[in-house]
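Structural overview for review
So you can see what is in the structure, the chains are spelled out below.
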Amino acid sequence: MSQSKAAESVGAEQSVTASGSEVRALCLDLGRRAKAAAQVLRSVDTGQKNRALLRLAELILQSTTPILAANAQDVQQGQARGLSAAMVDRLLLTEKRLADLAAAVRQVAALPDPVGEVAQLRRRENGLLVGRMRIPLGVVMMVYEARPGVTVDAAALCVKSGNACVLRGGSEAHRSNVVLGQLVQQALVEAGLPADGVLVVPNTDREVILELLKLESYIDLAIPRGGEGLIRFVAENARVPVIKHYQGICHLFIDKSADLDVALRIAANSKVSRPGVCNALETLLCHREVAEKFLPQLAAKLPEVELRGDETTCRLVARAVGAQPRDWDTEFLALILAVRVVEDLDAALAHIAQHGSQHTASIVTQDYAASQRFLREVDASCVLVNASTRFNDGGELGLGAEIGISTTKLHAFGPMGLYELTTQKFIVYGDGQVRG
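Keep in mind that what you see is a predicted model, and the values were worked out from it rather than measured. Positions within a chain are numbered from 1, following the residues in the order the chain's sequence is written. In keeping with the predicted nature of the model, local features appear solely for residues at pLDDT of at least 70, side-chain atom pairs appear and are counted solely at 80 or more, and the whole-chain, interface and lining totals rest on all residues. The side-chain figures draw on all heavy atoms in the structure; neither hydrogens nor water molecules are used.

Some thoughts on the nonpolar core
- In this structure, Ile223 and Ile403 are the most contacted members of the largest nonpolar core, which totals 76 residues.
- For the purposes of this entry, the term helix denotes a DSSP run of H or I that reaches at least four residues, the term strand denotes a run of E that reaches at least two, and both are numbered from the N terminus. The element that contributes the greatest number of residues to this core is helix H7 (residues 149-160), accounting for 8 residues.
- By definition in these notes, contact holds between two residues if any of their heavy atoms fall within 4.5 Å. Ignoring sequence-local partners within four residues, the contact set of isoleucine 403 consists of Val140, Met142, Ala154, Leu157, Cys158, Ile223, Arg225, Met416 and Leu421.
- Throughout this description, the term nonpolar core refers to a set of buried Ala, Val, Leu, Ile, Met, Phe, Trp, Tyr and Cys residues connected via side-chain atoms within 4.5 Å. Relative accessibility decides the category of a residue: with a 1.4 Å probe and only protein chains considered, values under 20% of the type maximum give buried, values over 50% give exposed, and everything between is partly exposed. In this structure, Val290, Ala291, Val305 and Leu316 belong to the second largest nonpolar core, which totals 28 residues.

What follows is the structure in C-alpha cells.
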C-alpha cells in the first residue's frame, strides 16, 4: 500500500453509523478473516516475520509526513472536544516518537522467537518423552484509547509471536490508526504474509466492541488499554478472556537510609518526565526520620507539582494542600502528587497494600535488608530498588515493546511482550505405548 493511499484515508469518516445487523456482519467478517490469518501466522518461520517487521520500521520512517498529518487532525479534533492534557499527550505523535516506534519494531524483530520453543522434556517410566512447546494464542483483540503507537506495538508483537490481531482504537486517534494500520498491512503483504494478520476496525461505534467481545469462536483474548471506565466496560461485557489493567497508582518510598540526592532525582523523573502515563508516580511515602530534610527539598525541586499531603507534610511544606481520603486512591495523570510521612517500612508496606493498584512500586534505600523485604512483600507487577517507576515499560525491561501492562495475574503480570502472547501445549514422543 503506497504512502499516497495511506494519506488519502486521512479524510475518512471516523465512525459509520450502522444498524445492528450491519455491525454483527462487520464483526463476524473481521473475526473470520483474523482467524484465517492466524492459522497462517502460527506456522510462519522467524525470518519471514522479521522481514515484515523490518519493512514496517522502514515504512514508518518513510511515511512521517502522512502519519503526522493524520495525527495533527486527530489532535486538533481532540482538543476541540476538550480532551485532558494527559489524553492529548498520549494521542500526540512527533518525529521522535515515530523514530522510537520504528526502533521498538526493530527491537522486536531482533528478539528470539518464542514460537516452537520446547522445554521441560522428561522421560516417563513408560518410555514416553513428555515436554511443552510454546505456541501463539491465536487472535488477540486490542481495545484502546488515544495512543496510536499501540497500533504499531501491538501489531509488531502479535506478528512476531505468530498471532493475528484485531485493533479497535478510539475515535480520537482513528485517522492516525488507519494510516499506521495500512502501513502494517503493506509490510505484511510485501513479506508474503496475509494482510488480515493485522486488522484495524473501521467503525469506532461502541456497539462494535460489544459484538467483537461475543466472538468466542474467533477471538482468543481481549486486552483493553485506556481509562478505568473502558477497561471495566470490556471486562463486564466480554465472553472472551480479558487481561485487565485498571489503574497505575504507582508508589515511591523514601527509606530512612536513602541517599536523598538520588531520591530527589528518582522522584522527579517518576513524576514529571511524563505525568500522563500509567507508570508515572502518584504517591510518595517518606520515612519520618528524613521527612524534615527531604520534603522541603522535594517541594523546591518540583515547583510545578501540586503536593497533596498529610498533616506532617503540610507542616513541613508551606505550599502543600491537605490530602483528601480519595487522593490516596487516585491516578492523577497530572502534575499532582500525594505525599504521606510514614513511621517506618512496615507503615509504607501497609499503605501500598491498602492503596496500591498492583502496578508499580519503588523504594529508595541503602539498607539491603529493607530492599529485599520491599521486593518480597510488595504486591505489584514491577517492584524496583533505587530506580524510577517509569522503568515499568516493556521497552525498558527488554521486551522490545509491550502490548499492555497487566495488573491481573492470569495469564500475565506486568508488561506483556512476546512470551506473554504465547502459551504452551504438551508434546509427547512415543514408540508404540498404549495406556493400560
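Re the pairing of strand S2 (residues 129-136)
- Strand direction decides the pairing type here: strand S1 (residues 118-123) and S2, joined by 4 bridges, are antiparallel. When the bridges of S2 are listed, alanine 119 appears paired with arginine 132.
- Each pair of strands is called paired provided DSSP finds at least two bridges between the two strands. Hairpin connection between S1 and S2: a loop of 5 residues separates the two successive antiparallel strands, and glycine 127 in this loop has a positive phi of roughly 95 degrees.
- As defined by bridge partners, S2 adjoins strand S16 (residues 422-429) across 8 bridges and the pair is classed as antiparallel.

Digging into a nonpolar patch on the surface
- Residues enter patches when their relative accessible area tops 30% and they take part in no salt bridge; the joining distance is 9 Å for like charges and 5 Å for the nonpolar side chains Val, Leu, Ile, Met, Phe, Trp and Tyr. The Shrake-Rupley method, run with a 1.4 Å probe sphere, supplies the accessible areas, and residue values consider only the shown protein chains as cover. Any carboxyl oxygen of Asp or Glu that lies within 4 Å of a side-chain nitrogen of Lys or Arg is treated as forming a salt bridge with it. There is a patch of nonpolar side chains on the surface, built from Val118, Leu121 and Tyr429 and spanning about 280 Å² of accessible area.
- Its place among the elements puts tyrosine 429 in strand S16.

Remarks on empty space enclosed by the protein
- The definitions used throughout rest on a 1 Å grid laid over the protein atoms alone, on which a cavity is an enclosed set of points accommodating a 1.4 Å probe that cannot get out and a pocket is an open set flanked by protein within 12 Å on both sides along at least five of seven lines; lining residues are those having an atom within 4 Å of a point. Grid points are joined across faces, edges and corners, and a volume is the space filled by probe spheres set on the points. Using the criterion set out here, one finds 2 cavities of 30 Å³ or more in the structure.
- In this model, the largest cavity occupies a volume close to 40 Å³.
- Of all the secondary-structure elements, those providing two or more residues to the lining of the largest cavity are helix H3 (46-62), H7 and helix H8 (174-190).
- Its boundaries defined by the atoms lining it, the second largest cavity holds a volume of some 40 Å³.
- Every residue lining the second largest cavity is listed: Ile223, Pro224, Arg225, Ile243, Lys244, His245, Gly404, Ile405, Ser406 and Met416.
- Looking at the lining of the second largest cavity, the elements with two or more residues in it are strand S6 (221-225) and strand S14 (405-406).
- At 3 residues, S6 tops the list of elements feeding residues into the lining of the second largest cavity.
- Polar here means any residue outside two lists: the nonpolar Ala, Val, Leu, Ile, Met, Phe, Trp, Tyr, Cys and Pro, and the charged Asp, Glu, Lys and Arg; Gly therefore counts as polar. For the lining of the second largest cavity, the class distribution of residues is 5 nonpolar, 3 polar and 2 charged.

A word on the pattern of salt bridges
- Counted under the stated rule, the structure contains 19 salt bridges.
- Of the charged contacts in the structure, one is a salt bridge between aspartate 100 and lysine 96, with a shortest N-O distance of 2.9 Å. One end of the pair, aspartate 100, and the other, lysine 96, are both in helix H6 (residues 95-110), 4 residues apart, so they sit about a helical turn from each other.
- Since its relative accessible area comes to 39%, aspartate 100 is described here as partly exposed.
- The salt bridge partner of glutamate 343 is arginine 288, with a shortest N-O separation of 2.5 Å. Of the two residues, glutamate 343 sits in the loop between strand S11 (336-342) and helix H14 (345-355) while arginine 288 sits in helix H12 (residues 288-301), which places them 55 residues apart along the sequence.
- Through salt bridges with shared partners, one network takes in Asp29, Arg33 and Asp196.

Points about unusual backbone geometry
- At the junction of leucine 410 and histidine 411, the peptide bond is cis and its omega measures out at 5 degrees in the coordinates.
- Within the element layout of this structure, histidine 411 appears in the loop between S14 and strand S15 (414-415).

Comments concerning the environment of alanine 104
- Of note, alanine 104 is situated in helix H6.
- Here alanine 104 falls in the buried class, since its relative accessible area comes to 11%.
- Put simply, alanine 104 and alanine 146 are 42 residues apart on the chain and 19 Å apart in space, counted from C-alpha to C-alpha.
- Once residues lying within four places of it in the same chain are set aside, the contact partners of alanine 104 are Asp153, Gly400 and Ala401.

Observations regarding the packing of aromatic side chains
- Stacked, tilted and edge-to-face pairs are distinguished by plane angle, under 30 degrees for stacked and over 60 for edge-to-face with tilted covering the rest, among Phe, Tyr and Trp rings (Trp via its six-membered ring) whose centres lie within 6.5 Å. All chains considered together, the criterion is met by 0 aromatic pairs.
- The ring of phenylalanine 233 has arginine 206 lying over it, and the distance from NZ or CZ to the ring centre is 4.2 Å.
- When the ring centre of tryptophan 328 is taken as reference, the NZ or CZ atom of arginine 340 above it lies at 4.2 Å. For a lysine, the NZ atom is tested; for an arginine, the CZ atom; a charge sits over a ring if that atom is within 6 Å of the ring centre and within 35 degrees of the ring normal.

As for the confidence of the model for the protein
- Per-residue pLDDT for the protein averages 94, and the proportion of residues at 70 or more is 96%.
- Known as pLDDT, the predictor's confidence for each residue is given on a scale from 0 to 100. Contacts from residues 1-16, a stretch scored under 50 in pLDDT, to residues over four places away or in other chains number 32 contacts.

What about the layout of surface pockets?
- Size it by volume and the largest pocket reaches roughly 1,000 Å³.
- Looking at the largest pocket, it is lined by 33 residues, and the ones nearest its centre are Asp100, Asp153, Arg274, Arg390 and Asp393.
- The element contributing the most residues to the lining of the largest pocket is H6, with 7 residues.
- Here the residues of the lining of the largest pocket sort into 12 nonpolar, 9 polar and 12 charged.

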